[in-house]
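Coordinate analysis (summary)
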Amino acid sequence: SEIAFRPKLFGLQGAYKIFYGLTRSGDSSPADTASGATLDPSGVNHGVGFLFDQWLSKHFIINARYSASEDDDIFKSSNNGVIEHWNVTIGWISDGDTYSAKEFIGVGYGSARWGDSYEEEFDTNDRENTVDIFWRHKLTTNLWIQPNLQIVDHPLTDHEETEFIPGVGMWMTF
């Protein structure tokens, strides 16, 4: 479930959301992300999150998100084992909004805390920290290309390293 507010602060549009999720594991047996062991799929888990998008001026926007779950079992079936996550992104938008702009340039920073099983398996409570630098360019009315560079410190794959990951994404709207 989700509650959303769309107030204007100082004449600039914002969107603020609070959401809550309740899941009951199904018949599938998810694997522990750290050890690969099969987990008991029974049980109920819940999580909560907050997000906001706020225009700072005609061309600048900031968004932030935070989410946490009861424990990492809620996410094990998606193979990431994250129990807490937050991120902040600030961007310059040439025109329109984030879904229609010709150009959108931004930088974001995020941090994730891995679940208890990961911390026990690798004897660490490091957080994965990521910087994402991107440029989204509109190619057609409904298609954008987005080259980016992610810098990941303490990634799940090797919690003692820093990785540099270039990428290209595509955005489509209908």
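Up top is the structure.
Moving on to the pairing of strand β9 (residues 143-153). Pairing analysis gives nine bridges linking strand β8 (residues 127-140) to β9, with the strands arranged antiparallel. Residue His137 lies in a different strand from β9, and its bridge partner there is Ile145. With 11 bridges joining them, β9 and strand β10 (residues 162-172) adopt antiparallel strand pairing. Pairing of Ile145 across the sheet is with Met170, part of β10.

This paragraph deals with the side chain of Glu103. Topologically, Glu103 is positioned in strand β7 (residues 103-114). Buried and without a salt bridge, Glu103 has Lys102 as its closest oppositely charged side chain, separated by 8.3 Å. Excluding its chain neighbours within four sequence positions, the residues that come into contact with Glu103 are Trp92, Ile93, Ser94, Asp95, Trp135, Arg136 and His137.

Turning our attention to unusual backbone geometry. In the Ramachandran plot, Phe10 falls in the positive-phi region, its phi being about 55° despite a non-glycine side chain. We classify Phe10 as exposed; its relative accessible area is 87%. Unlike most non-glycine residues, His154 shows phi in positive territory, near 60°. Examined against the element boundaries, His154 turns out to sit in the loop between β9 and β10.

Let us look at the packing of aromatic side chains. Counting across every chain of the model gives three aromatic pairs. Their ring planes at 50° and their centres at 5.4 Å tell us that Trp86 and Tyr109 sit as a pair that is tilted. Highlighted residues: Trp86 in strand β6 (residues 82-93) and Tyr109 in strand β7, separated in sequence by 23 residues. A relative accessible area of 30% means that Trp86 is categorised as partly exposed. Plain terms: the ring middles of Phe104 and Phe134 are 5.2 Å apart, the flat faces sit at 85° to each other, and that makes the pair edge-to-face.

Cut-offs applied
All chains use their own residue numbering, which begins from 1 and follows the written sequence. Whole-chain, interface and lining totals are the exception, using all residues; otherwise, since this is a predicted model, local features are given only for residues with pLDDT of at least 70 and side-chain atom pairs are given and counted only at 80 or more. The side-chain numbers reported here are obtained from all heavy atoms of the structure, hydrogens and water having been left aside. For two strands to pair, DSSP has to find at least two bridges joining them. Helix numbering and strand numbering both begin at the N terminus, where a helix is a DSSP run of H or I of at least 4 residues and a strand a DSSP run of E of at least 2. Categorising residues by exposure relies on relative accessible area from a 1.4 Å probe, with only protein chains included: less than 20% of the type maximum marks a residue as buried, more than 50% marks it as exposed, and the intermediate range marks it as partly exposed. Counting rule for charge: Lys and Arg are taken as positive, Asp and Glu as negative, and neither His nor the chain ends is counted. Salt bridges are counted wherever a side-chain nitrogen of Lys or Arg sits within 4 Å of a carboxyl oxygen of Asp or Glu. By the convention used here, residues are in contact when the closest approach between their heavy atoms is within 4.5 Å. Planes of paired rings set the category: under 30 degrees apart is stacked, over 60 is edge-to-face and the rest tilted, where pairs are Phe, Tyr or Trp rings (Trp by its six-membered ring) whose centres lie within 6.5 Å.

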